[in-house]
Amino acid sequence: MGIAAHGISKRFGDFVALDDVDLDVESGQLTALLGPSGGGKSTLLRIIGGLENPDEGTVHIDDVEATGVPAQRRNVGFVFQHYAAFKHLSVYRNVAFGLEIRHRPKAEIRQRVHELLELVHLDQFADRLPSQLSGGQRQRMALARALAVEPKVLLLDEPFGALDTKVRKELRDWLRRLHDEVHVTTVFVTHDQEEALEVSDEIVVINNGRIEQTGTPNDLYDHPANDFVMSFLGPVTQLGERLVRPHDIEVLGAETAGAVPGEVVRLVRIGFEVRAELRAGDSDPWVQLTRGQADALDLQPGRAVWLRPAHDASTLAAS
Amino acid sequence: MTDTPPPVVIEPPSRPTRTAAPRKRRLVKYLLRAVAVGYVAVLVAMPLVVVVWRTIDQGASTFWDAISAPDAVHAYQVTAEVAGLAVLINTVFGVGVALLLARYRFPGRSLLNVLIDVPISISPIIVGLALVLVFGWTTGWFGSELQNAGIEVIFSTPGMVLATAFVCLPLVVREVLPVLEEEGIEQDQAARSLGANALQRLVRITLPTIKWALAYGVVLSIARALGEFGAVRVVSGDVTGQTQTLTLVVDQRAEQFEPGAYQLSMVLIAVSAICIVVISLIRPRGER
């Protein structure tokens, strides 16, 4: 087991950051800790990395007890949201830092650093200072720096949070491809569900210091355990007494078994997607359709329609 | 579809007419400038000019005699030793205290933060007196213990070093602390995760980060240490040829109408001028 954290509890004064949390990450797996701000995911990550100590619980890395071991001896790579670049050192010296601390021979350092800089496409910036790099480049440097010492575990704390959307998407893809090549047990923290869904092998949803659900992206999206997970991972709307995904509602032109009557209130077109807001009995569901579907049904405000959840859609009882 | 809009007339901005009000405003402006310049001139420039003038006036041989007199030479040694040790001690403790305040929360933290500024606010003579009351052989708290151990603090170099270090206390801390607070702790944590122990992080990350602020604080401390008078006077006993720093010699010469006060003041002024030049060279880079 790459990472095994059991029974982790942590308080800051009166605030309970983590409450008896268990986390298992298989060796070589890429796991996302997903949840809203203040939910405890960064705290858990830092406890795994040794930058915080839990009040209770144990941490094992590669089946070796790491609970009391200080951060500098855990051999864990850490990447921070705001890069934590060593501002007075060049890109080369930043990446070489961990190796220099370990007193590796100069030739070995040079080879490894250039290998990594090529991997992250920063080789031509080796002599620049971090302040001369863009945000995306700094984060790639930070990744190279963390990987330089061949850590057993790679931890990323909202690594793309400080970057523009476009750069964020690029680096997201890039992280996934890097992981496919390098296969280090990786855990990253994010509050962006799209990121978690796109990049990770497994998602752990954390809210208010507790784990809500653990599973593959598809598992969590299609079979959420509760309405928090369902609404955090994707859009949700209420049809009657059930919570269902807006794209999982079938809109029919004629009365059909199992379908409730409704009326189109408003239509909004966003790109190729059409959002139809409806009134059905006591609820106000909205439905996500493609343009083709909306045109085929000839949807107009005021049109009467029948709605039912798609037969393979998972729904939850509304609380 | 719509009617053509009426033609738009653009009028040029009206030129301000010369009235009495602007003239009065200009007068006030010049008057304020004159007051400011005059204030600096009288307080700072004039005394310096007088010292330089009188020194030159008294001639080169007087200059040479004054600065090479035995008690002056001894004073250079004492000053270098006292200021040097005080600045060194203050630098080490200054960085330590700044790190403590920047990175840790503990009961009494705010109090410590306020205490750092005490040396600036109380009179140096009181500093000297306080030291005598703590370390003096006859009157001090630790007097008998020190006397039995044969350790002379008051009327000797250790006391003078203490007094000078005390008055320099805030200078390093107040320069370094904001830099540490602004940088935050992330670089240190990154270094930790990469395997660096506390000493390696201090030397490779923390010190380079506070480099310019620290240099600035040290130069300020040097200037302050060299110019210290009141506290050192009380603590040293002002014994000619033994426990006098340069400032004390200048005071003695001036008081007793002996020659040499201007010349030795020139030496102090020259050293201060060098400090100021160094400070201004360091400063722009420190403000990065």
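Along each chain, numbering runs from 1 in the same order as the chain's sequence is written. All chains are assigned letters beginning at A, and all ligands numbers beginning at 1, according to the order in which they are written. Per-residue local features of the predicted model are confined to residues with pLDDT of at least 70, and side-chain atom pairs are confined, for both listing and counting, to 80 or more; whole-chain, interface and lining totals are unaffected and use all residues. Note that water and hydrogens are dropped before the side-chain values are worked out from all heavy atoms of the structure.

Caption draft 1: Quick peek at the layout of surface pockets. Residues and elements named next belong to chain B. Cavity means a closed set of points on a 1 Å grid over the protein atoms alone, one where a 1.4 Å probe fits but cannot get out, pocket means an open set with protein on both sides within 12 Å along at least 5 of 7 lines, and lining means a residue has an atom within 4 Å of a point. Grid points are joined across faces, edges and corners, and a volume is the space filled by probe spheres set on the points. What the second largest pocket holds in volume is close to 550 Å³. Around the second largest pocket sit 18 residues that line it, and Arg103, Tyr104, Ile185, Asp188 and Arg192 are the ones nearest its centre. Elements that contribute at least two residues to the lining of the second largest pocket include exactly α3 (70-103), α9 (186-193) and α10 (198-227). Top element by residues in the lining of the second largest pocket is α3. It accounts for five residues. Of the residues in the lining of the second largest pocket, the class split is nine nonpolar, four polar and five charged. Going along the chain from the N terminus, every DSSP run of H or I of four or more residues is numbered as a helix, and every run of E of two or more is numbered as a strand. Ten residues, namely Ala, Val, Leu, Ile, Met, Phe, Trp, Tyr, Cys and Pro, are considered nonpolar, four, namely Asp, Glu, Lys and Arg, are considered charged, and the remaining ones, Gly among them, are considered polar.

Caption draft 2: How the structure looks around the pairing of strand β16 (residues 286-290) of chain A. In this sheet, β16(A) lies alongside strand β15 (residues 273-279) of chain A in antiparallel orientation, the contact comprising five bridges. Residue pairing across strands places A:Glu273 opposite A:Thr290, the latter belonging to β16(A). Strands pair, by our definition, only if DSSP identifies at least two bridges between them.

Caption draft 3: Structural context of the environment of B:Val167. Residues and elements named next belong to chain B. Mapped onto the secondary structure, Val167 falls in helix α8 (residues 157-183). Here the term buried applies to any residue with accessible area under 20% of the maximum for its type, exposed to any over 50%, and partly exposed to those in between, with areas from a 1.4 Å probe on protein chains only. Judged by relative accessible area, Val167 falls into the buried class, the value being 3%. Sequence separation between Val167 and Glu228 is 61 residues, and the spatial gap between their C-alpha atoms is 8.1 Å. By definition in these notes, contact holds between two residues if any of their heavy atoms fall within 4.5 Å. Non-local contacts of Val167, meaning those with residues more than four positions away in its chain, are made with Pro119, Arg224 and Glu228.

Caption draft 4: Just the sheet that holds strand β12 (residues 242-244) of chain A, in detail. Residue and element names in this part refer to chain A. Spatial strand order, β11-β12-β18: three strands in an open sheet with antiparallel pairing. What marks the edges here is a single partner per strand, and that holds for β11 (237-239) and β18 (316-317). Bridge analysis of β11 against β12 gives three bridges, and the strand direction is antiparallel. What sits directly across from Leu239, in β12, is Arg242.

Caption draft 5: Local environment of the domain arrangement of chain B. Residues and elements named next belong to chain B. Per the annotation, domain bounds derive from an automatic or database assignment of domains. Split by domain assignment, chain B resolves into domain 1 (18-57) and domain 2 (60-286). Each of domain 1 and domain 2 has a C-alpha centre, and these two points are 34 Å apart. Listed per partner, the contact involves five residues of domain 1 and six residues of domain 2. Accessible area that two parts lose when put together, with a 1.4 Å probe and added across both, is what the buried area reports. When domain 1 packs against domain 2, the two sides together hide about 550 Å² of surface, and 77% of this comes from carbon and sulfur. Together, Val51, Arg54 and Thr55 form the three largest contributors to the area buried by domain 1 at its contact with domain 2, with a combined 74%. Every case where a carboxyl oxygen of Asp or Glu lies within 4 Å of a side-chain nitrogen of Lys or Arg is listed as a salt bridge. There are zero salt bridges connecting domain 1 and domain 2. The definition of a polar contact used here is a pair of N or O atoms within 3.5 Å, where within protein one atom must be able to donate a hydrogen and the other to accept one, and adjacent residues in sequence count solely through side-chain atom pairs. If you look at where domain 1 meets domain 2, you find two residue pairs in polar contact (both at pLDDT 80 or more). Each residue belonging to the side of domain 1 that touches domain 2 can be placed in one class, and the counts come to three nonpolar, one polar and one charged.

Caption draft 6: Geometry of empty space enclosed by the protein. Residues and elements named next belong to chain B. Throughout the structure, instances matching the rule amount to three cavities of 30 Å³ or more. Size it by volume and the largest cavity reaches roughly 70 Å³. Looking at the largest cavity, the residues that line it are Arg103, Leu180, Glu183, Gly184, Gln187, Asp188, Ile205, Thr206 and Thr209. Listed by contribution, the elements that provide at least two residues to the lining of the largest cavity are α8, α9 and α10. Here the element with the most residues in the lining of the largest cavity is α10; it accounts for three residues. Split by residue class, the lining of the largest cavity holds two nonpolar, four polar and three charged.

Caption draft 7: Quick peek at a nonpolar patch on the surface. All names here are of chain B. A cluster of nonpolar side chains, Tyr39, Val40, Val42, Leu43, Val44, Met46 and Leu48, forms an exposed patch at the surface whose accessible area comes to about 680 Å². Mapped onto the secondary structure, Leu48 falls in helix α1 (residues 20-57). Residue class for Leu48 comes out partly exposed when judged on its relative accessible area of 37%. Two joining distances apply to patches: 9 Å for like charges and 5 Å for nonpolar side chains (Val, Leu, Ile, Met, Phe, Trp, Tyr), and every residue must have over 30% relative accessible area and no salt bridge. Only the protein chains shown count as cover for residues, with accessible areas throughout obtained via the Shrake-Rupley method and a probe of 1.4 Å.

Caption draft 8: Spatial organisation of the packing of aromatic side chains. Only the six-membered ring of Trp is used, alongside the rings of Phe and Tyr, when aromatic pairs are assigned; centres must lie within 6.5 Å, and planes under 30 degrees apart are stacked while those over 60 apart are edge-to-face, with the rest tilted. Applying the stated criterion across every chain, the model contains four aromatic pairs over all chains. Note on B:Phe135 and B:Phe142: the rings are 6.2 Å apart at their centroids and 45° apart in plane angle, and the pair reads as tilted. B:Phe142 gets classed as partly exposed once you look at its relative accessible area, which sits at 42%. A positively charged side chain is recorded as over a ring if its NZ (Lys) or CZ (Arg) lies within 6 Å of the ring centre. The angle to the ring normal must also be within 35 degrees. Note that A:Arg245 overlies the ring of A:Tyr221, its terminal NZ or CZ placed 4.1 Å from the centroid. Directly above the ring of A:Trp286 sits A:Arg275, whose terminal nitrogen or CZ lies 4.0 Å from the centroid.

Caption draft 9: Summary view of the environment of A:Lys10. Residue and element names in this part refer to chain A. Topologically, Lys10 is positioned in strand β1 (residues 3-12). For Lys10, a relative accessible area of 10% gives the class buried. In the structure, Lys10 is positioned 37 residues away from Ile47 in sequence and 9.2 Å away in space, judged by C-alpha atoms. In contact with Lys10, not counting residues within four places along its chain, are Phe15, Val16, Ala17, Leu18, Thr43, Ile47, Glu52, Asn53, Pro54 and Asp55. Here the side chain of Lys10 touches Asn53 through a polar contact of 2.8 Å, landing on its backbone oxygen.

Caption draft 10: Expanded view of the interface of chain A and chain B. Listed per partner, the contact involves 22 residues of chain A and 18 residues of chain B. Buried surface at the junction of chain A and chain B, both sides included, amounts to about 1800 Å², of which 57% is carbon and sulfur. Together, A:Gln72, A:His88 and A:Ile101 form the three largest contributors to the area buried by chain A at its contact with chain B, with a combined 30%. At the junction of chain A and chain B, the tally comes to two salt bridges. Close ionic contact of A:Lys87 with B:Glu183 constitutes a salt bridge, the shortest N to O distance being 3.3 Å. Taken together, chain A and chain B are joined by four residue pairs in polar contact (both at pLDDT 80 or more). Mapped onto the side of chain A that touches chain B, the elements with two or more residues apiece are β6 (76-79), α2 (91-101) and α4 (135-148) of chain A. With four residues, α2(A) is the largest single contributor of residues to the side of chain A that touches chain B. For the side of chain A that touches chain B, the residue count by class is eleven nonpolar, six polar and five charged.

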